[in-house]
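# Chains, contacts and geometry: an overview
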Amino acid sequence: MDEPNAANGEQADPPETDAPAPFNKPTADLILRSSDRMNFRVRKAILAEASPVFEDMFTFPLPQSPDEPAGSPPVVDMAEDGHTLEGLLSLCYPIRKMPIQSLEEATILLDAARKYSMDGALTFLGDRLIDFAKAGPVRVYALATRYQLQEEVVRAAAKAFLNIYIHNAHLKSLEDLNHISASAYLRLLDYRDRCAAAAVRVFDTYTWIDSSRWCWLSCGSSGCASGCAGPFKDGRHSRLAAWWEKMMSYCRKLVLANPCGEALASRSCTAVALAEAGKCNNCRSLAPHELEGFMALLINEVDKAVAQVELDIV
Ligand SMILES: [Zn+2]
């Protein structure tokens, strides 16, 4: 019976437990024992398909453990704990996968999947990481780079990175960054810079704007009109309402900091412009509806411009 050994102060092994279904079948031909002594009864053929490391292990017969009853499947002691092993095995078996609750959990599974060269599991985990890209773009980017996951993960993380601002203090706390090179992180920053350059070009040319469609380009009120600008879509120049020009200047700053259409989705982008347009007899009734349509167009133009920017993936 396992008991603490009081004489030498060593703690005895915890008792063995059985893993949950489907890793508890008597027909199994191998037992994987986790570091916390949970026995996973598995089939070698499934493991060999999922992992060349296991396939190599099964090239030669596994020795029978002298501690196990005769006829019992061979036992392989694993470095992973029961929770990790259950997650990893669920990625190999044709069963419902364990949901990934956090990036910490994903990292542990990625580590184990890479250790056993489980390409299918790595791809599955990569797909799950995309769900975390908005909440933790730098961490997901670092994990995708470190574990050489599919390009979609890197792209999703880089895209989400465009719409956040991260303080250096926060970056310093991200342990994941310790596992990628400075040049890999620089690729992310360079992508963001090039997206910003592409996004502000939308504000520096008016050839995508129909000059006859919007009240702020046809208002003759002396209190509204400011300078002349263009060319617009039809090649003509037009007078601009000062309130619209100011709004565009504000939105330009926003996309310079966060180069994506989403950065312009807040109603605060148009709040000041609408208040000022409300002082003009011509613009007052038209501006709310027209600005709503224009902002959708603007967001689309910014997203189109940013989508043209290539992300370097090594
Ligand atoms: Zn006006």
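Since the model is a prediction, treat every value here as computed from it, not as a measurement. (Residues numbered from 1 in each chain as written. Predicted model: local features only at pLDDT ≥ 70, side-chain atom pairs only at ≥ 80, totals over all residues. Heavy atoms only, no water.)

All right, on to the overall build of the protein then. Per the secondary structure count, the protein includes 12 helices and six strands. For the protein, whose C-alpha radius of gyration is 30 Å, the value lies well above the compact-globule estimate of 20 Å for 314 residues. With the principal axes as the frame, the protein shows a C-alpha extent of 100 × 40 × 35 Å. Burial analysis of the protein (314 residues in total) assigns 45% to the buried set. Pairs at least 24 residues apart make up 62% of the contacts formed inside the protein by residues separated by at least 6 positions. Of the roughly 17,000 Å² of accessible surface on the protein, 52% is carried by carbon and sulfur atoms. In the protein, 32 positive and 41 negative side-chain charges are present, and the distance between their average locations comes to 12 Å. (Helix = DSSP H or I, 4+ residues; strand = E, 2+ residues; numbered from the N terminus. Rg over C-alpha atoms; globule rule 2.2 N^0.38 Å. Buried < 20%, exposed > 50% of the residue type's maximum accessible area, 1.4 Å probe, protein only. Contact = heavy atoms within 4.5 Å. Areas by Shrake-Rupley, 256 points an atom, 1.4 Å probe, with all protein chains shown as cover. Lys, Arg positive; Asp, Glu negative; His and termini not counted. Charge placed at Lys NZ, Arg CZ, Asp CG, Glu CD.)

Because each turn of an α-helix spans 3.6 residues, side chains separated by three or four positions in sequence point in the same direction. Inspection of helix 7 (residues 151–161) places V153, V154, A157, A158, A160 and F161 among the buried residues, and these make up the whole buried set. Each buried residue of helix 7 sits inside an arc of 165 degrees when the element is viewed along its axis, so together they form one side. As for helix 7, its buried residues are in contact with helix 5 (119–130), helix 6 (137–146) and helix 9 (182–204). (Arc of directions from axis to C-beta.)

So, on to the coordination of the zinc ion. Protein-derived coordination of the zinc ion comes from C219 (SG), C224 (SG), C280 (SG) and C283 (SG), at a distance range of 2.2 to 2.4 Å. For the zinc ion, the four donor atoms are set out with angles of 103 to 116 degrees between them, so the coordination reads as tetrahedral. Sequence positions of the donors to the zinc ion reduce to the motif C-x4-C-x55-C-x2-C. Pair noted here: C219 is in the loop between helix 9 and strand 5 (225–229) and C280 is in the loop between helix 11 (268–277) and helix 12 (287–307), with a separation of 61 residues, a long-range link. (Donors = N, O, S within 2.8 Å, 3.2 Å for Na, K, Ca; no water. Tetrahedral: all angles 85-135°; square planar, octahedral: opposite > 155°, others 65-115°.)

Take the environment of F232 next. In this structure, F232 sits in the loop between strand 5 and strand 6 (238–241). Using a relative accessible area of 1% as the deciding quantity, one classes F232 as buried. Sequence spacing of F232 and T205 is 27 residues, and the spatial spacing of their C-alpha atoms is 8.0 Å. Once residues lying within four places of it in the same chain are set aside, the contact partners of F232 are Y206, T207, I209, S211, L217, H237, S238 and L240.

On to the UniProt feature "domain: BTB" (unreviewed entry) in the protein. Under the feature "domain: BTB" (unreviewed entry), the UniProt entry names residues 28–93. Strand forms 18% of residues 28–93 and helix 36%; the C-alpha atoms that close the span are 13 Å apart. (UniProt positions renumbered as here; feature names shortened; annotations may be inferred.)

Attention now goes to the pattern of salt bridges. Counted by the stated rule, this structure contains 13 salt bridges. Its salt-bridge partner being R33, residue E16 comes within 3.4 Å of it at the nearest N-O pair. On the criterion of sequence distance, the pair formed by E16 in the segment before strand 1 (17–18) and R33 in strand 2 (residues 30–33) is long-range, its members being 17 residues apart. By relative accessible area, E16 is classed as partly exposed at 37%. Since its relative accessible area comes to 9%, R33 is described here as buried. Across the pair D131 and R128 runs a salt bridge whose closest N-O atoms are separated by 3.6 Å. D131 sits in the exposed class, given a relative accessible area of 56%. By sharing partners, the salt bridges in this structure join E16, R33 and R37 into a single network. (Salt bridge = Lys/Arg side-chain N within 4 Å of Asp/Glu carboxyl O.)

It is worth spelling out unusual backbone geometry at this point. Note on backbone geometry: most residues besides glycine have negative phi, and most peptide bonds are trans. The peptide bond linking A21 to P22 adopts the cis configuration, its omega dihedral lying at 5 degrees. Checked against the element boundaries, P22 lands in the loop between strand 1 and strand 2. With an omega dihedral of 0 degrees, the bond running from G230 to P231 counts as a cis peptide bond. When you line up the elements, P231 lands in the loop between strand 5 and strand 6. Residue R37 is not a glycine yet carries a positive backbone phi of 65 degrees. Structurally, the position occupied by R37 is in the loop between strand 2 and strand 3 (38–42).

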